[in-house]
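# Coordinates in review
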Amino acid sequence: MNAAAAIYAVLSAVLMGTIGIFSKLTGLPAEILTFFRLFLGAIFMVLLLVMVGQVRLVRRWPSFPVLFNGIIFATGIICYVRAMNYTTMANAIMLIYMAPLVASVIAHFVLGERLTFGALCLILLAFFGFGMMMEFRVDINRGSQEFIGVCYALLASMLYVSFILISRIINPSIHVYTRTFWQLFTGGCIMIPFVLFSMQEVNMNHIPWLIGVGFFPGFLAILFAIIALSRLPVAIFGTLAYMEPVAVVVFGWTIFQETLNSLQLAGCILIIFCSVLKTVKTNMLERVLKAGT
């Protein structure tokens, strides 16, 4: 396994978690934050390509799977926002974070990425740790708005699964910079209809924070995720993805003085343990296999 790719996956998860910081600091609707996250992220990607002299990568046709993945990513965020309008954040997040586990199982049968019993146990343990962080709060009342929210959350989860799997089957000859720009740009365009009538809420004081949204959870987080997904099996990426909720809890605890009880702390530790163990075990296995050849 590429150790650098694992680092990219962890950094992506942590940076994805920073969206909560900007949400609290700006108080802006999620749709506006998502638009600037994706659209400014695409602009930052272009600036990077100008700096490294590879603007030609933007002009390359990215292929339909890349564009489709950009649509999936933005649509998944929209469904997630809609889910939280009808149900609790805990319900929405718990259902969405079933995605890494489901994607790993599908990749085992469809993509030929062997999922060992040990790897499955580590993913399940990470998911259990995530449940500990959420204090296992899932409240579903069929026939009410709660049920509508759960349906949106399940749709968002399926879109997240699709994003992970499609990222694994995209032609490796398509540069990760090309993929990143077009997925960010496509996603930003998808968000335009959702922000047309709410953009007046943005004022000059928001601009520095919105630039941060485009740079950290937008440009860097998605670039690192795409790099990691181009190199890592779904099972490893799926385990490391659980570092995002850990980052969210830690940010809330350290920056906004939110409380963190013993159950949540234990969940954080369990997720970190599973992520480290999965990475170390994979590296050791690869070294043994190389030594035997």
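Residues numbered from 1 in each chain as written. Predicted model: local features only at pLDDT ≥ 70, side-chain atom pairs only at ≥ 80, totals over all residues. Heavy atoms only, no water.

## Regarding the overall build of the protein
To be explicit about the condition: Strands here are runs of E lasting at least two residues and helices are runs of H or I lasting at least four, both read from the DSSP assignment and numbered beginning at the N terminus. Radius of gyration: over C-alpha atoms. The globule rule applied is 2.2 Å multiplied by the number of residues raised to the 0.38 power. Note on exposure labels: buried denotes an accessible area under 20% of the residue type's maximum, exposed denotes more than 50%, and partly exposed covers the range between, all computed with a 1.4 Å probe on protein chains only. Whether two residues touch is decided by their heavy atoms; if any such pair falls within 4.5 Å, the residues are in contact. For accessible areas, the Shrake-Rupley method is used with a probe of radius 1.4 Å. Any residue's cover is judged against the shown protein chains and nothing else. For this count, His and the chain ends are skipped, Lys and Arg are scored as positive, and Asp and Glu as negative. Charge placement uses NZ in Lys and CZ in Arg. For Asp and Glu, CG and CD serve respectively.
If you tally the helices and strands in the protein, you get 14 helices and zero strands. Order of helices (α) and strands (β) in the protein, N terminus to C terminus: α-α-α-α-α-α-α-α-α-α-α-α-α-α. Relative to the compact-globule value of 19 Å for 293 residues, the protein shows a C-alpha radius of gyration of 19 Å, a close match. Considering only C-alpha atoms, the protein reaches an extent of 65 × 50 × 35 Å along its principal axes. Per-residue burial for the protein yields a buried fraction of 52% across its 293 residues. Counted over contacts in the protein with a minimum sequence separation of 6, partners at least 24 positions apart contribute 88%. A total of about 13900 Å² of accessible surface is found on the protein, and carbon and sulfur atoms cover 70% of it. Each charge class in the protein can be summarised by its mean position, and for the 16 positive and 9 negative side chains these summaries are 16 Å apart.

## Examining the nonpolar core
Applicable threshold: Remark: nonpolar core denotes a set of buried residues (Ala, Val, Leu, Ile, Met, Phe, Trp, Tyr, Cys) joined through side-chain atoms within 4.5 Å.
Phe130 and Phe237 are the most contacted members of the largest nonpolar core, which totals 91 residues. The element best represented in this core is helix 11 (residues 207–231), accounting for 13 residues. Apart from the residues within four sequence positions on either side, Phe237 is in contact with Ala9, Tyr160, Ile164, Ala225, Ala228 and Leu229. Of all hydrophobic cores here, the second largest spans five residues; its members include Ala83, Leu95, Val150 and Ala153.

## Concerning the packing of aromatic side chains
To keep it simple, the criterion reads: Any two of the Phe, Tyr and Trp rings considered here, Trp counted by its six-membered ring, make a pair once their centres fall within 6.5 Å; the pair's planes then place it as stacked at under 30 degrees, edge-to-face at over 60, or tilted in between. Only when the NZ of Lys or the CZ of Arg is both within 6 Å of the ring centre and within 35 degrees of the ring normal is a charge said to sit over the ring.
Per the stated rule, a full pass over the model turns up 21 aromatic pairs. Pairing Phe127 with Tyr242 gives two aromatic rings, centres 6.4 Å apart and planes at 70°, and the pair type is edge-to-face. Here Phe127, found in helix 8 (residues 117–133), pairs with Tyr242, found in the loop between helix 12 (234–240) and helix 13 (243–254); they are 115 residues apart in sequence, far enough to count as distant. A residue is classified by how much of its surface remains accessible, and Tyr242, at 0% relative accessible area, is buried. Through successive ring pairs, a cluster of aromatic residues spans Phe35, Phe36, Phe39, Phe181, Trp182 and Phe185. Its end group placed over the ring of Phe256, Lys24 keeps NZ or CZ at 5.6 Å from the ring centre.

Nothing here speaks to function; it is geometry throughout.
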